[in-house]
Amino acid sequence: MGKRSFKIWRGNAEGGEFHTYETEITEGMVVLDAIHQIQAESANDLAVRWNCKAGKCGSCGCEVNGKPKLSCMTRMNSLPEEGDVVIQPIKTFPVIKDLVCDVSYNYVRNKQIPPFAPREREADGTHRMEQRDVDRIQEFRKCIECFLCMDVCHVLRDHEKKDDFVGPRWMIRLASLEMHPLDIVDRIPLIREKFGSGWCNITRCCTEVCPEHINITDNGIIPLKERVVDRFYDPIAMLKRKLFGDKSNKRLPVVEVGDSSASG
Amino acid sequence: MSSSDTVLPGGHVVGLGETRRPDKWWVGPLLTVSFIGVAIGYGTIAMLMGNHYWVGAEGHGFGGYLSPLYSPVLMFDASAAGAAPASHAWFGAFPEWYPSLLPKSPAFLILLFPGAFRFTCYYYRKAYYRSFGFAPPGCAVEGVRRGKYEGETKLFLFQNLHRYAMYFAVIFNIILTYDAVMSFFRDGALGIGVGSVVLTINATLLAFYTFGCHSFRHLIGGRANCFTCDGKETLSSKAWSFGTFFNQRHMQIAWVSLAWVMFTDLYVRMVSMGIWTDFNTWGEAATKTVGL
Amino acid sequence: MLDVSELQTVEHDVVIIGAGGAGLRAAIECSAHGLDTAIVCKSLLGKAHTVMAEGGMAAALRNTDERDNWAVHFRDTMRGSKFLGTWRMAELHAKQAPERVKELEDWGAVFDRTQSGLINQRNFGGHRFPRLAHVGDRTGLELIRTLQDHGVHQGFEVYMECKALNLLQEGNAVGGVLCLWKDSGRFMRIKCKAVILATGGGGKMWRVTSNSWEYTGDGAAMAYEAGGELMDIEFTQFHPTGMVWPPSVRGTLVTEGVRGEGGHLRNSDGERFMFRYIPDRFASETADTEEEAARWLAGDKEARRPPELLTRDVVARAIYNEVKAGRGSPHGGAFLDIASNRPPDYIQRKLPSMYHQFKELAEVDITKDAMEVGPTLHYFMGGIRVDADSQEATGVPGLFACGECSAGLHGANRLGGNSLSDLIVFGKLAGDGAAAYVKGLGAGPSVADEDVAAAVRNATAPLNRTDGENPFALHDELCEIMGEHVGIYRTEEGLGAGLDKLVGWREKIKNTKAHASSQYNAGWHEALDLQSMAIVSEAVAMAAKERQESRGAHSRADYELEDKEHWGKRNLIISRGDDGQMELRHYERPAPPEHLAKVAFASVEELDAMVASGEVQV
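Computed from a predicted structure; not experimentally measured.

Student: Run through the overall build of chain B, naming residues and quoting values.
Tutor: The secondary structure content of chain B amounts to nine helices and four strands. The order of helices and strands in chain B, counted from the N terminus, is α-β-β-α-α-α-α-β-β-α-α-α-α. Across its three principal directions, the C-alpha atoms of chain B cover 75 × 60 × 40 Å. Counting over 292 residues, chain B shows a buried share of 39%. In chain B, the proportion of contacts linking residues at least 24 apart, taken out of those at least 6 apart, comes to 69%.

If you want it as structure tokens, here you go:
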């Protein structure tokens, strides 16, 4: 396939610029292979985060030709044959160095989500759930936390509303807890207030970039928005609850966990 | 696009439409704008016309084609060309007190409801937030009002009432289904015409559009966390699966059904005006419209 | 010179190195015991190699076949280990795994379900009954996410992207860890009373491996340098099915679940060759015709298992031999075919990530075409020698180890699915062990500042050299040596030559040079990882040369048979001698406890009878 030219952004939080590298591309190579080759040949100190190189750990997210991608799953032959391949760090989170960003925001937010709390085990010491009931949450649990959805979400990316809106990854984490057949915690008020479900305008870029093909918008965020409507906006549903009481056996989280940082 | 030179660490340029995507990301929004523009344009004109929305046997008898933009006919103007028979108008003719500034068109009285359903639809919201609101114009393409965005927390809070628009849509679905059945009759005689097929497809597509509605899917089953916890599959579980099937195709159905509604009106209009010939089993005489 | 008091210093009761399944489970247990606990990990939390585990975790839950019980699981594990596993560990593992799995469900794990709504279990190589609790083919992700999301509420500290460099000691007792922050290049000294190593294996010494960059044998190297012992280190498992094409993903794992769900292995003649490779030991439990294998897949409980589900060592050698004999696939592997045995939607539901992996990386649709697969270095059975009950490392007070970096459970060969259950069973026990140790200890050891300063100087040396070797090139060279001399088949001569090359290679890594920037400096980190790999690679080659037999994952072309009398009774142990040189000794295994021996050596019928009569309590 011959040599290809790469424009890789290099720098840190203070600033930086694109550097151009050339490297030999062979059959079957992915973008991460090219980055590694460049690192080994001519840029030993090029910073790039990666682990499994098989699309399972979600470490190597970056922007390839302006699009959020896992570099380990982006084949070179899927890119246009002409021109430089432009590689940047993800935009939503602050750059540490080169292609590596500080994603600690995510760990802080995850800690704010009230944890799973199951109902009692059955008499024989097991939990019973039907496959069709868990199908729905297993979709969300496929998430590899690559944060590409967080990168492409314009609420975080362009408007920097990180204090107001928790972002798509954490909305589907919330969905996986809220729709869990065994869980007994009520997170709906938090989803509206602290996690900001109203900030999402369901423009679906998160779903478009998800490498695990999770239907974040239709199956995760919108159902949560509808549950928030049930609770806070639908006058008939609210009246019904007032008159006949709330049949759900869920309870509000006992302790709301603080905002302590997860990373040093 | 914008000539702002601010470059963030990471090499991202600040400004409307800024992106490093080399592909034609603007094609999608452009198509959306064009399509919605055509639909709104046609719909408005068709509504303002106030005529040629009915095809029947000399304008009377049981059965005929009624344009979906005009159904149900709440009040009507009997003097308009191609108007429905008086028996169709739920409340008869436009009353004296009807403000003269408003168009005397039956469509004007009802289009708010399907309009609201589409406007608050979770799919159309994406389409117009992106292509009209530039929030964002494309994925990884910077939009407008950097930092001033409010999402659906203030001005757009009303979107939360989408389900009420859906309730009305269900009523409309029932009425349009009735209209579709009626299209197989002409002066009491059972038959079939191209128009019957057009109206039936229209009612079907609109039903599919409602079945795929996110609020519908939530209310018929999605709100539950456990479908089978009592040991057997509940009805709501089956209903939810049914809604999910259409929900996964909501975007496609949204566009096709919108186009088909416009086409159905056009078809009825053209036949009513005598420009197109409706091939049917009833014969030429059965497709006369009043006032022609 | 360096002023140690200026180093960032933090204090905890217990430090856990590694945030995979074992490390997280240990941290949860330590927190539950009320210890001030911290985890140090080289990557971000939730990215550890555990996410790569696909097939499932083995536990005798009896949800899919009620004939299963701990004794059958124990027997399978010991036989899989070629009777070289630690008896007590295998017993603990088989008995405790079911409760550990159910506990995960209480913490939010969502396993696939059976018809009656219980945790579903699938078939895997070497397991007599369907035993692997699983979530499609991403069970490892489910495990790590469950532990992570549960763990963040247990109050332990997590130091991410922070590499543990050295254990700090007073005398032999562990009293701290020196760490390096990747993002800033600064050092951190942690003072503590106990350390739990959960660093995983060392597959990155081979080029064709399913392991991630983190797998550089850090834990084993740290324990060795601290005076600990490495056991069974010659047993490196080659997983039979790694991708072979395209070159850049050569080695990436193809889950055993493909075979568990009914995949066939065929050679270029279209022959289902595994029928020719059934070892005598398993002949009575393995189908010998395609017809019987098909019946088994259809659910006939009388039928015996297909030969594709023999233990990994057997299947890996079979594929290797087929390729050697010229019956390989176009890119040098075997064909793994599930498309002709299962409908497309079943494959997509049960093996979704395999489907995507092949679709996106190899442009192969596994619901239509066969995969090409070949052996890939996958797992270290050996590692740090520990006490079976407390997981305390021998010879180093206050040091504990669990998960892949420890030795004992798997002996000469690990069964698929036993590693995830290993993590949660022994992660918990290590937490218990460390808690008991810390509570019995008064003040923690105090470490001399000179030791800390020396460790920092050693770590910064590659930055200070004006000229030296490229660490990436040296890593490549190591892979070359290990691939050529310490591969799937080994010989006396080859191993000797390999050891000689390693001596020369070790000299070079004393002279690595990294760019001066200290922030997120990949070259520097590589240079430091090479120091761990230097120790472990030598240990593997040395032990492999010593063991003059073929057993489990260790295959000697010059000693093709198992030697029950001599080698079947000993483990090899490596430690650092007083002169600083690597030393190897034989450990004569004591006679097994009688109640375990009668289970492990029983035939299937005998065991069933013992269980039925109540002689073996299940």
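Student: Hey, could you go over the interface of chain A and chain C for me, with residue numbers and the actual values?
Tutor: Listed by partner, the interface residues are 52 residues for chain A and 51 residues for chain C. Breaking the side of chain A that touches chain C down by element, the ones donating at least two residues are α1 (31-41), β6 (95-97), α2 (104-112) and α3 (131-141) of chain A. Top element by residues in the side of chain A that touches chain C is α3(A). It accounts for five residues.

Student: Describe helix α15 (residues 492-509) of chain C, listing the residues and the values that go with them.
Tutor: Helical geometry: 3.6 residues make up each α-helical turn, so side chains three or four residues apart lie on a common side. Residue and element names in this part refer to chain C. The end-to-end C-alpha distance of α15 is 26 Å, a good match for the 26 Å that 18 residues give at a rise of 1.5 Å each. Where α15 is concerned, the buried positions are G494, L495, G498, L502, W505 and I509. The buried residues of α15 occupy one face: seen down the axis, they fall within an arc of 85°. Among the exposed residues of α15, those pointing more than 90 degrees away from its buried face are E493, V503, G504 and E507.

Student: So what's going on with the packing of helix α7 (residues 214-222) of chain B against helix α8 (residues 235-247) of chain B? Which residues, and what values?
Tutor: Residues and elements named next belong to chain B. Contact geometry of α7 with α8 gives a least axis separation of 8 Å together with a crossing angle of 160°. Looking at the two axes, α7 sits roughly antiparallel to α8. Taken as a pair, α7 and α8 cross one another with a handedness that is left-handed. Where α7 approaches α8, its residues H214, F216, R217, I220, G221 and G222 are matched on the opposing element by S236, S237, A239, W240, G243, T244 and N247.

Student: Report on the sheet that holds strand β8 (residues 162-170) of chain C, specifying residues and quantitative values.
Tutor: Two orientations exist for strands paired in a sheet by backbone hydrogen bonds: parallel and antiparallel. Residue and element names in this part refer to chain C. Spatial ordering of the open sheet is given by β1-β10-β9-β8, a layout of four strands whose pairing is mixed. Two strands bound the open sheet, and with one partner strand each, they are β1 (8-11) and β8. Between one strand axis and the next, the sheet turns through 25° on average, direction left out of account. As paired elements, β1 and strand β10 (residues 187-191) share four bridges and run parallel to each other.

Student: With reference to specific residues and values, describe the domain arrangement of chain C.
Tutor: Residue and element names in this part refer to chain C. Domain assignment breaks chain C into domain 1 (242-377) and domain 2 (450-570). Look at where the C-alpha atoms of domain 1 and domain 2 centre, and you get two points 32 Å apart. Listed as interface residues are five residues of domain 1 and, on the opposing side, four residues of domain 2. Broken down by element, the residue count for the side of domain 1 that touches domain 2 peaks at four residues, all from helix α9 (residues 312-324). Across the side of domain 1 that touches domain 2, the residue classes break down as three nonpolar, no polar and two charged.

Student: Just give me the short version of the environment of A:P115, but keep the residues and values in it.
Tutor: Along the polypeptide, A:P115 turns up in the loop between α2 and α3. Between the C-alpha atom of A:P115 and that of A:L177, which follows or precedes it by 62 residues, the distance is 8.1 Å. Among residues more than four places away in sequence, those in contact with A:P115 are C:D149, C:H150 and C:H153.

Student: Give a detailed account of the interface of chain A and chain B, specifying residues and quantitative values.
Tutor: Of the residues lining the interface, 51 residues belong to chain A; the matching set on chain B comes to 39 residues. At the level of secondary structure, the elements contributing two or more residues to the side of chain A that touches chain B comprise β1 (2-12), β2 (15-25), β4 (67-70), β5 (85-88), α3, α5 (154-157), α8 (205-209) and α9 (216-232) of chain A. Sorting elements by how many residues they give to the side of chain A that touches chain B places α9(A) first, with seven residues. Of the residues contributing to the side of chain A that touches chain B, the split by class is 21 nonpolar, 14 polar and 16 charged.

Student: Which residues make up the sheet that holds strand β21 (residues 570-576) of chain C, and what values do they have?
Tutor: Residues and elements named next belong to chain C. One open sheet accounts for four strands, arranged β17-β12-β21-β22; its pairing is antiparallel. Both outer strands of the open sheet, β17 (383-384) and β22 (582-588), are each paired with one neighbouring strand and no more. Two strands pair when backbone bridges link them, and strand β12 (residues 230-231) and β21 are joined in this way by two bridges, in the antiparallel orientation. Counted as the bridge partner of M231 is I573 from β21. Sitting on the sheet, helix α16 (residues 522-546) is in contact with β12, β21 and β22, with an inclination near 45° to β22.

Student: Just give me the short version of the pairing of β4(A), but keep the residues and values in it.
Tutor: All names here are of chain A. Going residue by residue along β4, you find K67 and K69 tucked away on one face and P68 and L70 tucked away on the opposite face as well. Pairing between strand β3 (residues 61-64) and β4: four bridges, direction antiparallel. Across the sheet, residue V64 finds its bridge partner in β4, namely K67.

Student: Quick one: what's the story with the confidence of the model for chain C, residue by residue and with numbers?
Tutor: When pLDDT is averaged across chain C, the result is 95; 100% of the residues are at 70 or more. Across the assembled chains, the prediction reports ipTM 0.94 with pTM 0.94.

Student: An account of the environment of B:G143 is requested, with residue identities and associated values reported.
Tutor: Within the secondary structure, B:G143 is located in the loop between α4 (122-131) and α5 (162-182). Judged by C-beta crowding, with 22 C-beta atoms within 10 Å, B:G143 ranks as buried. In the structure, B:G143 is positioned 129 residues away from B:V14 in sequence and 9.5 Å away in space, judged by C-alpha atoms. Residues in contact with B:G143, not counting those within four places in the same chain, are A:H154, A:D158, B:L16, B:F134, B:A135, B:P136 and B:P137.

Student: Explain α9(A) residue by residue, including any values.
Tutor: All names here are of chain A. The end-to-end C-alpha distance of α9 is 22 Å, a good match for the 24 Å that 17 residues give at a rise of 1.5 Å each. Along α9, the largest kink reaches about 30° and is centred on I222; proline P223 follows within four residues of it. Counting buried positions over the 17 residues of α9 gives 13, a clear majority of the element.

Student: Describe the nonpolar core, and please don't skip the residues or the numbers.
Tutor: Proteins that are soluble and globular tend to have nonpolar side chains buried together. Residues and elements named next belong to chain C. Judged by nonpolar contacts, the single largest core of 321 residues is most densely connected at V177, C179, I196 and L197. Broken down by element, this core gets its largest block of residues, 15 residues, from α16. When near neighbours in sequence (up to four residues on either side) are disregarded, I196 contacts V14, I16, A26, F400, A401, C402, A430 and A434.

Student: Describe in detail the packing of α3(A) against helix α6 (residues 168-178) of chain A, supporting the description with residues and values.
Tutor: Residues and elements named next belong to chain A. Taken N-terminus to C-terminus, the directions of α3 and α6 make an angle of 155°; their axes are 9 Å apart at the nearest point. Regarding the angle of α3 to α6, the classification is roughly antiparallel. The interaxial crossing formed by α3 with α6 has left-handed handedness. Residues I137, F140 and R141 of α3 form the contact with α6, whose own contacting residues are I172, A175 and S176. Its residues assigned to classes, the contact of α3 with α6 shows four nonpolar, one polar and one charged.

Definitions and cut-offs
Residues numbered from 1 in each chain as written. Chains lettered and ligands numbered in written order. Predicted model: local features only at pLDDT ≥ 70, side-chain atom pairs only at ≥ 80, totals over all residues. Helix = DSSP H or I, 4+ residues; strand = E, 2+ residues; numbered from the N terminus. Buried ≥ 20, exposed ≤ 12 C-beta atoms within 10 Å, placed from the backbone. Contact = placed C-beta atoms within 7 Å. Expected span 1.5 Å × (residues − 1). Arc of directions from axis to C-beta. Axes fitted to C-alpha atoms, helices over the stretch in contact; angles between N-to-C directions. Parallel < 35°, antiparallel > 145°, perpendicular 65-115°, else oblique. Left-handed = near helix turned anticlockwise from the far one by under 90°. Pairing = 2+ DSSP bridges. Domains from an automatic or database assignment. Nonpolar A, V, L, I, M, F, W, Y, C, P; charged D, E, K, R; others polar. pLDDT = per-residue confidence, 0-100. Bend = angle between axes of the 7 residues up to and from the residue. Core = buried A, V, L, I, M, F, W, Y, C linked by C-beta atoms within 7 Å.

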